[in-house]
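Summary of the model geometry
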Amino acid sequence: VTHSGPQTCEFILDMVYCHPPLRYLTLVLKEYMRVTHHNNVLTGGMNSYSIILMLICFLNMHQQCKRNLGELFFSFFEFYGLLFNPAKTGVCIKDGGSFFPLLRETSVPILIVDPLNPSNNIAKHCYNIGKIQASFRATFERLKIERDCFMRAYGKSSLTAENYDILDVVWKDTQIP
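Please read all numbers here as calculations on a predicted model, not as lab measurements. (Residues numbered from 1 in each chain as written. Predicted model: local features only at pLDDT ≥ 70, side-chain atom pairs only at ≥ 80, totals over all residues. Heavy atoms only, no water.)

**Details of the nonpolar core**
Counting 41 residues, the largest nonpolar core has Leu29, Met46, Phe76, Phe77, Tyr80 and Phe136 as the members making the most contacts within it. When contributions to this core are tallied by element, the ones reaching two or more residues are helix H1 (5-18), helix H2 (21-35), helix H3 (48-61), helix H4 (69-83) and helix H5 (129-154). Ranked by residues supplied to this core, first place goes to H3 with 10 residues. The contact partners of Met46, leaving out residues within four places of it in the chain, are Met33, His38, Asn39, Val41, Ile51, Met54, Ile110, Cys126, Ile129 and Ile132. (Core = buried A, V, L, I, M, F, W, Y, C linked by side-chain atoms within 4.5 Å. Buried < 20%, exposed > 50% of the residue type's maximum accessible area, 1.4 Å probe, protein only. Helix = DSSP H or I, 4+ residues; strand = E, 2+ residues; numbered from the N terminus. Contact = heavy atoms within 4.5 Å.)

**Topic: the pattern of salt bridges**
Taken as a whole and judged by the stated rule, the model has 1 salt bridge. Of the charged contacts in the structure, one is a salt bridge between Arg34 and Glu31, with a shortest N-O distance of 2.7 Å. Residue Arg34 and its partner Glu31 are both found in helix H2; the two are separated by 3 residues, about one turn of the helix. (Salt bridge = Lys/Arg side-chain N within 4 Å of Asp/Glu carboxyl O.)

**Notes on the state of the cysteines**
Taken as a whole and judged by the stated rule, the model has 0 disulfides. Left without a disulfide partner, Cys57 is nearest to the cysteine sulfur of Cys92, which lies 7.4 Å away. (Disulfide = S-S within 2.5 Å.)

**Digging into H2**
Counted at 1.5 Å a residue, the expected span for H2 with its 15 residues is 21 Å, and the 21 Å between its end C-alpha atoms agrees. A positive phi of about 60 degrees marks His37, the residue just after H2. (Expected span 1.5 Å × (residues − 1).)

**Comments concerning the environment of Phe84**
Mapping Phe84 onto the fold places it in the loop between H4 and strand E1 (89-92). When the C-alpha positions of Phe84 and Gln133 are compared, they lie 8.9 Å apart, and in sequence the two are 49 residues distant. Setting aside its immediate chain neighbours within four residues, Phe84 contacts Phe79, Thr89, Val91, Phe99, Ile110 and Gln133.

Next up, the structure:
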């Protein structure tokens, strides 16, 4: 049994309602994936649905945190770039969302369970997950350096949305056509 586009669309709209930051984080992350050329499934990139499910699982982990969007974005890169191991961990958002250990070696590069069809791994063609994670890791490291410099120069209490835009750092070295 497969699902249709309208069911997926309705599901995503429900998730956006449950997780208000999801809309904004998805838009920024999709643009990031486009700019870094990691959004094309035909070349081993990651599809949008996979990105959304990764974000939902991540937001479920951080629902008690009252962070701003920049800090959530920063933490997303840290988690998926440094901590998440797709060879040992799968992503599933069913029943509140969680990560689960893979019990055996798998031939797929990353396992993201489709909540509308649990037998479907929506990321099975993402064979460049290692490059994507390296990109996330490099972006996290660049953000961390910039944030630490800002905090040293202006103090931790100055790290607010009014005077520090973490997205400026993300796009600083990137040409956006």
